[in-house]
Amino acid sequence: IILCCSASDSKVLTCAAVWRMPKELESGSHESPDDSSSTAQTLELLCHLDNTAHGNMACVTWEPMGDGKKVISLADNHILLWDLQESSSQAVLASSASLEGKGQLKFTSGRWSPHHNCTQVATANDTTLRGWDTRSMSQIYCVENAHGQLVRDLDFNPNKQYYLASCGDDCKVKFWDTRNVSEPVKTLEEHSHWVWNVRYNHSHDQLVLTGSSDSRVILSNMVSISSEPFGHLVDDDDISDQEDHQPEDKSKEPLQDSVIATYEEHEDSVYAVEWSSADPWLFASLSYDGRLVINRVPRALKYHILL
Amino acid sequence: TMAAPAAGPGHGSAPGDSPEGPEGETPERRRKAHGMLKLYYGLSEGEAAGRPAGPDPLDPTDLNGAHFDPEVYLDKLRRECPLAQLMDSETDMVRQIRALDSDMQTLVYENYNKFISATDTIRKMKNDFRKMEDEMDRLATNMAVITDFSARISATLQDRHERITKLAGVHALLRKLQFLFELPSRLTKCVEMGAYGQAVRYQARAQAVLQQYQHLPSFRAIQDDCQVITARLVQQLRQRFREGSSGAPEQAECVELLLALGEPGEELCEEFLAHARGRLEEELSSLEAELGPSPPAPDVLEFTDHGGSGFVGGLCQVAAAYQELFAAQGPAGAEKLAAFAQELGGRYFALVERRLAQEQGGGDNSLLVRALDRFHRRLRAPGALLAAAGLAEAATEIVERVARERLGHHLQGLRAAFLGCLTDVRQALAAPRLTGKEGPGLAELLANVASSVLSHIKASLAAVHLFTAKEVSFSNKPYFRGEFCSQGVREGLIVGFIHSMCQTAQSFCDSPGEKGGATPPALLLLLSRLCLDYETATISYILTLTDEQFLVQDQSPVTPVSALCAEARETARRLLTHYVKVQGLVISQMLRKSVETRDWLSTLEPRNVRAVMKRVVEDTTAIDVQVGLLYEEGVRKAQSSDSSKRTFSVYSSSRQQGRYAPSYTPSAPMDTNLLSNIQKLFSERIDVFSPVEFNKVSVLTGIIKISLKTLLECVRLRTFGRFGLQQVQVDCHFLQLYLWRFVADEELVHLLLDEVVASAALRCLDPVPMEPSVVEVICERG
């Protein structure tokens, strides 16, 4: 019902606000109601997250499991936890934490972990990944130099509580186990430019979607570190016989970690990718030129995973 | 005469038969006589037919014919012949009869004489035989007499002979008895004199007899005496045996005597081995002392010499003596000896290995090889003697192990040398920055590194080659002929080194904490070139050299040259790509900082190109020079002559000449979007971090692509004011002016820079572009 987005002010300050989506769109379309793409319906502004004291807002995210009352926003070097009051008309700063250090530290991205009763938040600033406990607003883990360059985005594995994916300017996607932060569990290096977005599929966490400014969207199958047991797909020849328009899916039993498909429909940098919240086989990507591409997981693979 | 016709009508004279006188030719007559004889004996008619043509043989009138009929003949004569002729016939007949008679007479006389003489002879023979018979009879009698005499003599002598035999037996017995009685004193004497051998021999001789007759009291006494003395003897021998000071041969003698005295062999052999062990252990401990914790140990050659002569020699002696003495012990004894040798040998090997391990640290390869050679050679003798103890095998194993370790050591050495080279290069690269003056050129450094690495490899090969030299005793072992050459030297050392070199080089790419990295980019470049050189020439050269020096006979698979080359090429490519990334990152960071830190909304109207852009161009030029030192120019696309003059053109009509209509006006932001989309339909996608080729242009293209893409992305994140946009315009134009010459395809630069300006325009609150002419003026002034 309620959506959160960052909008630019006429000042150079980025702010965040809470909007209400019109009822008609409620059915779960996940398009970003950006100023530019707002069409017939207008959004109802509920409240602003007041961040003038903290600098540029870089990222806002909902508490994933809660009743929609908590929001984390990242502003410059602060983590702000907001409590939305009755009917979301007012946001109150519940607690905050800030990152101290030499130079200008700016958060670039943050995600709320769906595990641990939603008490963990992971953030990225520069080349470092940090985990925070929202109850005490203190740092619980830190991956120094997670990427060679700026970390652009991160996402939690929805089914494995300690697994985290991150991506950055070094063209890599890395998978981390937050219990052992000294080295990544797995590294993908498929993109040829900065990776802006990484997203786990909500229900099948072996499917990982990444979007990059090399204008490609890559769907990877990370079987080896997913929650699906290995070698779980035993006999599937008949299925691949029916559906063989995707040659990548011919691989037998224990699927190797592999790139399933590379989507090159975009002409310019892809800045956002997201899975559909309604259909686990649907995903969308958005690029600089304003093109929104909706794709479907190849059907053969879908059956492969389901059966 | 008248009687003639009457007496022999058969005498009828045939007219054709005897016309001649009585003195008729004898051959004729003789033939007639023969013919008649023949007829008489019934010889063939043919013979008769051979006679001269004459009267028919059946003619009854033929006087000489078989069918002569006197009546017919007479009738014929009487009828046919006149009287005169008859008369002639009659005389002729008479004459013939007479001749025949005389012939007969002569024949009878002749034959009678012969018969007489034959009879005489027979009679004589008869007489002679009779005489001989008599003599034979006499001989037989004589023989009988002789036999008789002989029997009588034998009978007479029999008795005496028996007595003599008996006497002789008694004599022998007496002598033996005397020996026995004297035995104790003799033995004592022998023992006193130390002639143990003699004593033992006496004892052995007497033993059996004494044993047999021990029921007799006197013999018993002797035996007891002997036993006492023997016991003493044994004791003395044992003592001597145990003293240990005596050498191995004397001990062996003692043992031999003791064995002859019937001492239990097993016990003796145990004792013998224990003694030998004592001696050998002394040797070992002296060796160990040499080994000692303190370094002033003798060099390894001396050590192995010492060990060889002391321990191995001793072991040889012991083994030889043992096998001689205790051959009777059978396989159990041999096993004991083998175990003994194995144990001591094992300890010896342990010592040697410790000593050799000390040598591993470095030192002279030739000395080591010689020492190993001695060691191996010395052990061949006991090895042959004691095949079961496996000494030779163990020795070979040690040698092999040492050789292997040596190879490992050399590999380490090579790696260290390579790393040392790299450190030198680093220092050389760092030096000019400190002093500010030109250091040695990159090309020179590269040559230095390459030659020093190569010389190290050659030195190592030469050192390792000693192991396979012909005169070294172990060089003909299968290991050294096959595996050592192919697996050890070729694979382990050379291929291993190349692998490790590539890995070392690649590790520079992988260092995660990049940020410019601790590795100077020039080093990356240099390594990349080095690897490329290896790929093209050096690897095959080194491998050929190795294969020549070590005639590889082993059939085991070896890494082909092509695989190594591919690896080296891959490494070179990765290094170069990494170089591009690093350098691109340096410039990107510069651009990014410059974009991010500036407040683009409130900038003043641009008057200058920003210093960052100048810096970027300077750096790019520096990189260009650096890469140019090591890599060839490469191909670039043909360029239009007005490249540098090309006006900057987001909003100007010259943009993307001929691609689309220049009817665009800045008032409609949606159109900008459309515009860029359309434009992109026509331009190829730019692969930013694409792999680079081995040439300068490709390298620089890569770097510039990375930088400009960064600029683009950064610009898209900012919000610009009018002058901000104009500043971007100016900067981009400046970049375009100077960067096109570095890249393979200048379109690429144009495209990216256009994109930057377009993005800036999109993010601009008040997009009013600067006049292209003004932009140009500013750039030229800057």
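The rules we used
- Residues numbered from 1 in each chain as written.
- Chains lettered and ligands numbered in written order.
- Predicted model: local features only at pLDDT ≥ 70, side-chain atom pairs only at ≥ 80, totals over all residues.
- Heavy atoms only, no water.
- Helix = DSSP H or I, 4+ residues; strand = E, 2+ residues; numbered from the N terminus.
- Buried < 20%, exposed > 50% of the residue type's maximum accessible area, 1.4 Å probe, protein only.
- Contact = heavy atoms within 4.5 Å.
- Areas by Shrake-Rupley, 256 points an atom, 1.4 Å probe, with all protein chains shown as cover.
- Pairing = 2+ DSSP bridges.
- Axes fitted to C-alpha atoms, helices over the stretch in contact; angles between N-to-C directions.
- Phe/Tyr/Trp six-rings, centres within 6.5 Å; stacked < 30°, edge-to-face > 60°.
- Lys NZ or Arg CZ within 6 Å of the ring centre and 35° of its normal.
- Arc of directions from axis to C-beta.
- Salt bridge = Lys/Arg side-chain N within 4 Å of Asp/Glu carboxyl O.
- pLDDT = per-residue confidence, 0-100.
- Expected span 1.5 Å × (residues − 1).
- Parallel < 35°, antiparallel > 145°, perpendicular 65-115°, else oblique.
- Left-handed = near helix turned anticlockwise from the far one by under 90°.
- Nonpolar A, V, L, I, M, F, W, Y, C, P; charged D, E, K, R; others polar.

S.K.: Can you walk me through the overall build of chain B in this structure?
M.R.: The helix and strand inventory of chain B stands at 24 helices and zero strands. Split into buried and exposed, the 782 residues of chain B put 43% on the buried side. Contacts spanning at least 24 positions in sequence make up 82% of the contacts within chain B whose residues lie at least 6 apart. Looking at chain B as shown, the accessible area adds up to about 41200 Å², and 57% of this sits on carbon and sulfur atoms.

S.K.: I'm lost on the overall build of chain A in this one. Help?
M.R.: Check the secondary structure of chain A and you find two helices and 22 strands. When the 307 residues of chain A are sorted by exposure, 52% land in the buried category. Sequence separation of 24 or more characterises 48% of the internal contacts of chain A that already satisfy a separation of 6 or more. Element-wise, carbon and sulfur atoms account for 47% of the exposed surface of chain A, whose accessible area totals about 13700 Å².

S.K.: Explain the sheet that holds strand β20 (residues 270–275) of chain A here, please?
M.R.: Backbone-to-backbone hydrogen bonds pair the strands of a sheet. The strands run either parallel or antiparallel. Residue and element names in this part refer to chain A. Read across the open sheet, the three strands follow the order β20-β21-β22; overall the sheet is antiparallel. Two strands in the sheet have a free side with no partner beyond their single neighbour: β20 and β22 (292–296). Across this sheet, the average inter-strand angle for adjacent strands is 20°, counted without regard to direction. In this structure, strand β21 (residues 282–287) lies alongside β22, joined through five bridges in antiparallel fashion. Each bridged residue has a counterpart across the sheet, and for Ser285 the counterpart in β22 is Val293.

S.K.: Explanation requested: the packing of aromatic side chains in the structure shown.
M.R.: For any pair of aromatic rings, the description rests on two quantities: the centre-to-centre distance and the angle between the ring planes. If you walk through the whole model with that rule in mind, you get eight aromatic pairs over all chains. Consider the rings of Tyr271(A) and Tyr288(A), whose centres lie 6.2 Å apart with planes at 80°: the pair is edge-to-face. Of the two residues, Tyr271(A) is situated in strand β20 and Tyr288(A) in the loop between β21 and β22; the sequence distance between them amounts to 17 residues. Ring centres of Phe734(B) and Tyr738(B) lie 4.8 Å apart, and the angle between their planes is 50°; this geometry places the pair in the tilted category. Taken together, the positions of Phe734(B) and Tyr738(B), both in helix α22 (residues 722–739) and four residues apart, correspond to about one turn of that helix. Here a set of aromatic residues connected by ring pairs shows up, and it is made of Trp194(A), Trp196(A), Tyr271(A) and Tyr288(A). Between the NZ or CZ atom of Lys160(A) and the centre of the ring of Tyr163(A), over which it lies, the distance is 4.3 Å.

S.K.: I keep staring at helix α24 (residues 772–781) of chain B and nothing clicks. Help me out?
M.R.: Residue and element names in this part refer to chain B. Turning to α24, its buried residues number three or more, namely Val775, Ile778 and Cys779. Viewed end-on, α24 has its buried residues packed into an arc of 95°, placing them on one side of the element. Of the residues in α24, the exposed ones pointing more than 90 degrees away from the buried face are Glu780 and Arg781. Against the buried residues of α24 lie α22.

S.K.: So what exactly am I meant to see when it comes to the pattern of salt bridges here?
M.R.: If the charged atoms of two oppositely charged side chains come close together, the side chains can form a pair. Residue and element names in this part refer to chain B. Applying the stated criterion across every chain, the model contains 19 salt bridges over all chains. In this structure, Arg615 engages Asp619 in a salt bridge whose closest nitrogen and oxygen atoms are separated by 3.6 Å. Of the two residues, Arg615 and Asp619 are both situated in helix α19 (residues 611–630); the distance of four residues between them amounts to about one turn of the helix.

S.K.: Even after reading the chapter, I still don't get the pairing of strand β11 (residues 138–143) of chain A, so can you show me in this structure?
M.R.: Side-chain positions along a regular strand alternate between the two faces of the sheet. Summarising the sheet, strand β10 (residues 128–133) of chain A and β11(A) pair through five bridges and their orientation is antiparallel. Across the sheet, residue Leu129(A) finds its bridge partner in β11(A), namely Val143(A).

S.K.: Mind showing me how you'd approach the confidence of the model for chain B here?
M.R.: Low pLDDT marks stretches whose predicted atomic positions should not be read closely. Residues and elements named next belong to chain B. With 71% of its residues at a pLDDT of 70 or more, chain B has an overall mean of 72. Per-element confidence in chain B is highest for helix α5 (residues 83–193), whose mean pLDDT is 88, and lowest for helix α1 (residues 3–7), whose mean pLDDT is 40. Throughout residues 44–53 the model reports pLDDT below 50, and contacts reaching past four residues in sequence, or to other chains, amount to three contacts. Within the model, pLDDT remains below 50 along residues 512–517, and this stretch shows ten contacts once partners closer than five positions in the same chain are excluded.

S.K.: Is there a simple way to explain the sheet that holds strand β19 (residues 258–263) of chain A in this structure?
M.R.: Residues and elements named next belong to chain A. With antiparallel pairing, the four strands of this open sheet are ordered in space as β16-β17-β18-β19. Of all the strands in the sheet, the pair left with one neighbour each is β16 (195–200) and β19. The sheet shows a mean angle of 20° between the axes of neighbouring strands, direction not considered. Bridging between strand β17 (residues 207–212) and strand β18 (residues 217–221) involves five bridges; their strand directions are antiparallel. In the sheet register, Gly211 faces β18, and the bridge partner there is Val217.

S.K.: Can you walk me through α22(B) in this structure?
M.R.: Residues lying three or four places apart along an α-helix face the same way, a consequence of the helix completing one turn every 3.6 residues. Helix length check: α22(B) (18 residues) gives 26 Å between terminal C-alpha atoms against 26 Å at 1.5 Å per residue, within 8%. Of all the 18 residues making up α22(B), 15 are buried; the element is thus mostly covered by neighbouring parts of the structure.

S.K.: How should the pairing of strand β14 (residues 173–177) of chain A be read in this particular structure?
M.R.: All names here are of chain A. Summarising burial for β14: five of the five residues are buried, a large majority. Of the two faces of β14, both are covered, the one formed by Val173, Phe175 and Asp177 as well as the one formed by Lys174 and Trp176. Here strand β13 (residues 163–168) pairs with β14 via five bridges, running antiparallel. Directly across from Leu164, in β14, lies its bridge partner Trp176. Strand direction decides the pairing type here: β14 and strand β15 (residues 186–188), joined by three bridges, are antiparallel. Residue Val173 lies in a different strand from β15, and its bridge partner there is Leu188.

S.K.: Just to check I follow, could you spell out the confidence of the model for chain A for this structure?
M.R.: Residues and elements named next belong to chain A. For chain A, per-residue confidence averages 70 on the pLDDT scale, and residues scoring 70 or more make up 63% of the total. Here residues 1–13 is a poorly scored stretch, pLDDT under 50, and it has 34 contacts once near neighbours within four places are set aside; other chains count. Contacts from residues 231–253, a stretch scored under 50 in pLDDT, to residues over four places away or in other chains number 27 contacts.

S.K.: Can you walk me through the packing of helix α18 (residues 561–596) of chain B against helix α21 (residues 696–716) of chain B in this structure?
M.R.: To characterise two packed helices, one gives the angle between the axes of the helices and the distance between these axes. All names here are of chain B. Where α18 meets α21, the closest approach of the two axes is 8 Å, and the angle between their N-to-C directions is 30°. Of the possible angle classes, the one that applies to α18 and α21 is roughly parallel. In the packing of α18 onto α21, the handedness of the crossing is right-handed. For the pair α18 and α21, the contacting residues are Leu576, Tyr579, Val580, Lys581, Gln583, Gly584, Ile587, Ser588, Leu591, Arg592, Val595 and Glu596 in the first and Val699, Gly702, Ile703, Ile706, Ser707, Thr710, Leu711, Cys714 and Val715 in the second. By residue class, the composition of the contact of α18 with α21 is twelve nonpolar, six polar and three charged.

S.K.: Mind showing me how you'd approach the environment of Arg741(B) here?
M.R.: All names here are of chain B. Looking at the element boundaries, Arg741 is found in the loop between α22 and α23 (746–762). Relative accessible area serves as the criterion here: at 39%, Arg741 is assigned to the partly exposed category. Sequence separation between Arg741 and Val697 is 44 residues, and the spatial gap between their C-alpha atoms is 9.2 Å.

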